[in-house]
Amino acid sequence: MTHQANVRRQTQSMSESKERTTPAELLTSKGLLDAAVVAVRIGKEIVDVHTLVDADAAIEPIRVGDPGALDVIRHSTAHVMADAVQRLFPGTKVTIGPCTEDGFYYDFDRPDGAFTDADLRKIEKVMREIVKANSPFRREIVSRDEAKERFAKLGETYKVEIIEGIPEGEDISLYTHGAKGKDWTDLCAGPHVPSTGMLAAVKLTSVAGAYWRGDERNPMLQRIYGTAFHTQEALDEHLRLLEEAKKRDHRKLGKELELFMFHEWAPAMPFFYPRGAKVYNKMVGYLRDLYVDAGYEEVITPQIYDTKLYKTSGHLANYRENMYFGIPSDSLEGILEAFEAFVSKQAAGGAITSEQRKALREEFLAREILEARFAGAKPMNCPGHCLMYASRRRSYRELPWRIADFGRLHRYERGGVVHGLARVRSFSQDDAHIFCMPEQVQEEITKFNRLLYAIYRAFDFKDVHIKLATRPEKRIGTDDMWDRAEKALEAALVEAGLAFEVTPGEGAFYGPKLEFHVRDALKRSWQLGTIQVDYAMPESFELEYVGSDGAMHRPVMLHRAILGSVERFMGVYIEHCGGAFPVWIAPEQVTLLTVSEKQEAYALEAKAYLSGRGIRVITDLSSDKLGAKIRNARMMRYPYLGIIGDREAETRSISPRSHVDGELGSMTLVSFADRVLAEAVPGGQGAQQPPKTE
RNA sequence: GCUGGCGUAGCUCAAUCGGUAGAGCACCGGUUUUGUAAACCGGAUGUUAGGGGUUCAAGUCCCCUCGCUAGCUCCA
């Protein structure tokens, strides 16, 4: 989402001496101004036709349908919506209203609370009237004081706050549309379309709460989301895509295809049905195969640890809110007794208020229990792996030591953030930790990148976007460590010639990371893989190795995952392929459908043959008619259906129907099996095995 | 966690003003033996998420809890 601030942009840096005019006049003089011009481009900047610019500026008209035009249209639509809202709901204050990747929103402070869907329809109606009036957007530059005074008079306290935040020296521009007396003005950097009549296709989509300035300590505002396009057809197409996304929703497909379920007695913790478990295990199995050549060794580690572990690793200080703590049943009573003793000691016999008691409880939890008697379910594998590393003396000869772990992790996620398989409380990662010498870091990152791209290709994800997340405020380790770690990640990317974006402050508490985001078939972006350079945890666990010089050295630890959470990856992948898994990963590769019960014996024979060739095959021998069997099988999205009637039984053949290509005609069982097996490799038909990484 | 919305049969959804909880699919039994997206007949299916309240009467109105959901915040 591109949250474009609608204020605070300096219009143009230009010399005072030059003659100034508006793009509208410039275009008119060239005969280029027509009804389709929304704004103009000057260099990299987009300005509207009313903004004063240098008279000799090189301007390029942006017409309806050109790239960049939509943002202008949507932002203008947001103004019209805010106008409509204030007409319908007096007393509502405006805040900000930027455009987003596929629409716009505007946040309001409404004394009466949230808007309803019926309100949205009303607002749309008034918006259409404003559009119909086709009144021009007018721009004016005002002084800081005048702007403040005008908005203060209207009671628009948020706008006043925004003006106060605009740096000195920047223009403060206001935009007004509507007829005199019924006009509506907003503080805004623009640009805007010349006239409201250009806002042809508008739809308000949803309402939601949103905090002022995105801070949960601030008041909750009412946000209205909408979208706008230059034609009704484009809007309809957009709404169609949203419908398509709904159809592919992995939560819906998970239920329909019997892949997984949830139950309120284990909220946000998925149950995988046999079909889902097959897909899941195929994914993990594929990674295990690649690990052999990539030099990883799999380990199995405990689920629950003494809190001493998390104290050492820093999780207790930095990750406690996201952890589950269990109490061994033997300790239950003892803990309660200890708490009572603690309270009476602190209160020294006197009565205490419930406030004080609450504070004591917090202190008790933090100081006594967490360190001594609670057991924590692991939220990450890394601390356990450190214990394994430290279990004996290590030599530089065994580095890099790459240990993979598919162990289940538990993280307590706040109620509002869990979402299908994409955000759960119980999951596994394709997690591995690489313990290596500092001079091996860059090469390990490079190898990891190669492995990652090969795996994404196998799953048909082609569009990968890399982010380099740097040190957050809450962190462990020295600045020097962070400098080195951030540099190593960057160097590996530069060396590989991979483009990336830096996201400051987004790193993990123990190290900076690369995040790998992919786009799915519906153009949505998901974070999957990550690699993190960590100098801190080896320090905390005092990890060492004997170098070739005979002295002790500290290893570096790389945390890395390619699919990320296997659960989330499966959710993303389900939506990517629309539930129609390719042959290599489908729970069942072939379903044999008999035309009548007469072919049952041959169908079972064919099944045995295909099964013997290593194909996952099931049958539908029910008394349904063929049409019904096909319909059911299509809905289950099996890659291949094998029709078996009298003709096939007589010639010992099969009539396959591919999910992708439809009917294939009749062929022998042997050539059908050959075809299926040829396709049953990661990456699909004709795909090469991913290149080896070593 | 916060702000909205939602929760009725395994699934998708009805139920007018507060007045007997219903349909299709799936399921079960039977008939049918079928050639590329739904054969026919019959049957069973509910603590209307849970708890409390208002009322002669609650799926429907009110309160609480749980879950789901769109966002916000978070995402190590």
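The preceding data block contains the structure.
About the thresholds
Residues numbered from 1 in each chain as written. Chains lettered and ligands numbered in written order. Predicted model: local features only at pLDDT ≥ 70, side-chain atom pairs only at ≥ 80, totals over all residues. Heavy atoms only, no water. Disulfide = S-S within 2.5 Å. Buried < 20%, exposed > 50% of the residue type's maximum accessible area, 1.4 Å probe, protein only. Pairing = 2+ DSSP bridges. Helix = DSSP H or I, 4+ residues; strand = E, 2+ residues; numbered from the N terminus. Axes fitted to C-alpha atoms, helices over the stretch in contact; angles between N-to-C directions. Contact = heavy atoms within 4.5 Å. Phe/Tyr/Trp six-rings, centres within 6.5 Å; stacked < 30°, edge-to-face > 60°.

Moving on, we come to the state of the cysteines. The full count for this structure, using the stated rule, is zero disulfides. Cysteine Cys382 remains unbridged, with the sulfur of Cys386 as its closest cysteine sulfur at 6.7 Å. Look at Cys382 and you get buried, because its relative accessible area is 1%.

A sheet is described by the order of its strands in space; here three strands give the open sequence β9-β10-β11, paired in antiparallel fashion. On the outer flanks of this sheet lie β9 (138-142) and β11 (184-187), each paired with one strand and no other. Between one strand axis and the next, the sheet turns through 25° on average, direction left out of account. Here strand β10 (residues 172-177) pairs with β11 via four bridges, running antiparallel. Its bridge partner lying in β11, His177 is registered against Trp184. Here helix α2 (residues 69-88) sits on the sheet in contact with β10 and β11, set at roughly 125° to β11.

The bulk of non-glycine residues show a negative phi, and the bulk of peptide bonds are trans. The omega torsion across Leu399 and Pro400 is -5°, close enough to zero to call that bond cis. Of note, the phi angle at Glu258 is positive, near 50°, even though the residue is not glycine. Relative to the assigned elements, Glu258 resides in the loop between α7 (250-256) and β14 (260-261). What makes Glu258 partly exposed here is its relative accessible area of 44%. The phi angle at Arg652 is positive, at roughly 50°, despite the residue not being glycine.

Let us look at the packing of aromatic side chains. Evaluation of the coordinates by the stated rule reveals 24 aromatic pairs. Each ring, one from Phe459 and one from Tyr573, has its centre 5.1 Å from the other, and the planes form 85°; the classification is edge-to-face. Here Phe459, found in the loop between α14 (441-458) and β23 (464-469), pairs with Tyr573, found in helix α17 (residues 566-576); they are 114 residues apart in sequence, far enough to count as distant. On the accessibility criterion, Phe459 (0% relative accessible area) is buried. Look at Phe509 and Tyr510: their rings are 5.1 Å apart centre to centre, the planes differ by 80°, and that puts the pair in the edge-to-face class. Assigned by exposure class, Phe509 and Tyr510 land together as buried. Taken together, the ring pairs connect Tyr286, Phe459, Phe461, Phe569, Tyr573, Phe581 and Trp584 into an aromatic cluster.

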